[in-house]
Amino acid sequence: MTEIITDLQLTDAAYKLELLPDTYNNQPQKYYLEILTMHQTDSATYNRSMIYYAENPKLLKKIYMAVEKNLQSQNIKK
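Residues numbered from 1 in each chain as written. Predicted model: local features only at pLDDT ≥ 70, side-chain atom pairs only at ≥ 80, totals over all residues. Heavy atoms only, no water.

Asker: Account for the overall build of the protein chain, with residues named and values stated.
Answerer: Broken down by element type, the protein chain carries 4 helices and 0 strands. Starting at the N terminus, the α and β elements of the protein chain follow one another as α-α-α-α. Reported as C-alpha extents along the three principal axes, the dimensions of the protein chain are approximately 40 × 30 × 20 Å. Here the protein chain holds 78 residues, and 24% of them are scored as buried. In the protein chain, once contacts between residues fewer than 6 apart in sequence are set aside, the share between residues at least 24 apart is 60%. When the accessible area of the protein chain is evaluated, it comes to approximately 5900 Å², of which 53% is carbon and sulfur surface. Averaging the positions of the 9 positive and the 9 negative side-chain charges in the protein chain gives two centres separated by 12 Å. (Helix = DSSP H or I, 4+ residues; strand = E, 2+ residues; numbered from the N terminus. Buried < 20%, exposed > 50% of the residue type's maximum accessible area, 1.4 Å probe, protein only. Contact = heavy atoms within 4.5 Å. Areas by Shrake-Rupley, 256 points an atom, 1.4 Å probe, with all protein chains shown as cover. Lys, Arg positive; Asp, Glu negative; His and termini not counted. Charge placed at Lys NZ, Arg CZ, Asp CG, Glu CD.)

Asker: Go over the nonpolar core with me, naming the residues and quoting the values.
Answerer: Counting residues in hydrophobic clusters, the biggest one holds 11 residues: Ile4, Ile5, Leu8, Ile35, Leu36, Tyr46, Met50, Leu60, Ile63, Val67 and Leu71. Where this core is concerned, the elements lending two or more residues are helix H1 (2–16), helix H2 (28–38), helix H3 (43–54) and helix H4 (57–73). Residue contributions to this core peak at 4 residues, all from H4. Those residues in contact with Ile4 that sit more than four places away from it in its chain are Ile35, Leu36, His39, Thr41 and Tyr46. (Core = buried A, V, L, I, M, F, W, Y, C linked by side-chain atoms within 4.5 Å.)

Asker: Got a sec to walk through the packing of H3 against H4? Specific residues and values, please.
Answerer: Two elements in contact, H3 and H4, have axes separated by 6 Å at closest approach and are oriented at 115°. Where H3 approaches H4, its residues Met50, Tyr52, Tyr53 and Ala54 are matched on the opposing element by Pro57, Leu59, Leu60, Ile63 and Tyr64. Within the contact of H3 with H4, the residues separate by chemical class into 9 nonpolar, no polar and no charged. (Axes fitted to C-alpha atoms, helices over the stretch in contact; angles between N-to-C directions. Nonpolar A, V, L, I, M, F, W, Y, C, P; charged D, E, K, R; others polar.)

Asker: Can you tell me about the environment of Asp42, naming the residues and giving the values?
Answerer: Assignment of secondary structure puts Asp42 in the loop between H2 and H3. Look at Asp42 and you get partly exposed, because its relative accessible area is 40%. Measuring from C-alpha to C-alpha, the distance between Asp42 and Tyr32 comes to 9.8 Å, with 10 residues separating the pair along the chain. Of the polar contacts made by the side chain of Asp42, one reaches the backbone nitrogen of Ala44; its length is 3.3 Å. One polar contact links the side chain of Asp42 to the main-chain amide nitrogen of Thr45, over a distance of 2.7 Å. (Polar contact = N/O pair within 3.5 Å; in protein donor to acceptor, adjacent residues only side chain to side chain.)

Structure follows, in structure tokens:
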């Protein structure tokens, strides 16, 4: 889950900075679906997982702390 959220956060940043390839501009959800596929999951499974973690905030916090660490290790600032 940490890797998926890390990749989604990077995609959000790239979209906001208009760095996505032209084929994804104005349609970042296509890129999100590719990320989920790359991680061998789908949007329904991801959404169920996020609901589970939202109901378990201590676990979700650990995941986001790991995401932050991943981003920092890539020299990406919040």
